[in-house]
Amino acid sequence: MHGAWLNVRINVGDIEDKAWVEAKLSAAQSIAAKADALEQEVIGLVERHVG
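Remember, it's a predicted structure, so these values are computed and weren't measured experimentally. (Residues numbered from 1 in each chain as written. Predicted model: local features only at pLDDT ≥ 70, side-chain atom pairs only at ≥ 80, totals over all residues. Heavy atoms only, no water.)

**Q** Outline the nonpolar core, listing residues and values.
**A** With 6 residues, the main nonpolar core is built from Trp 5, Val 12, Val 21, Leu 25, Ala 28 and Ala 32. Counting residues per element, this core draws most heavily on helix H2 (residues 18-50), at 4 residues. Look past the residues within four positions of Trp 5 in its chain and what remains in contact with it is Leu 25, Ala 28, Gln 29 and Ala 32. (Core = buried A, V, L, I, M, F, W, Y, C linked by side-chain atoms within 4.5 Å. Buried < 20%, exposed > 50% of the residue type's maximum accessible area, 1.4 Å probe, protein only. Helix = DSSP H or I, 4+ residues; strand = E, 2+ residues; numbered from the N terminus. Contact = heavy atoms within 4.5 Å.)

Here it is, written out as structure tokens:
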């Protein structure tokens, strides 16, 4: 997930439509934050299950 997020950030640098870039970066950042939260939830579930 983080590799994809970095790829988006790197590749939008050459796009001239800054409004489009900001919209895509915002969406990608939101997805990355949700993925991080889900990762923590899964880790918590595993930790509670295996002790």
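**Q** How would you sum up the environment of Lys 24? Please name residues and give values.
**A** Residue position: Lys 24 is located in helix H2. Classification of Lys 24 by relative accessible area gives partly exposed; the value is 40%. For Lys 24 and Asp 36, which are 12 residues apart along the polypeptide, the C-alpha to C-alpha distance reads 18 Å.

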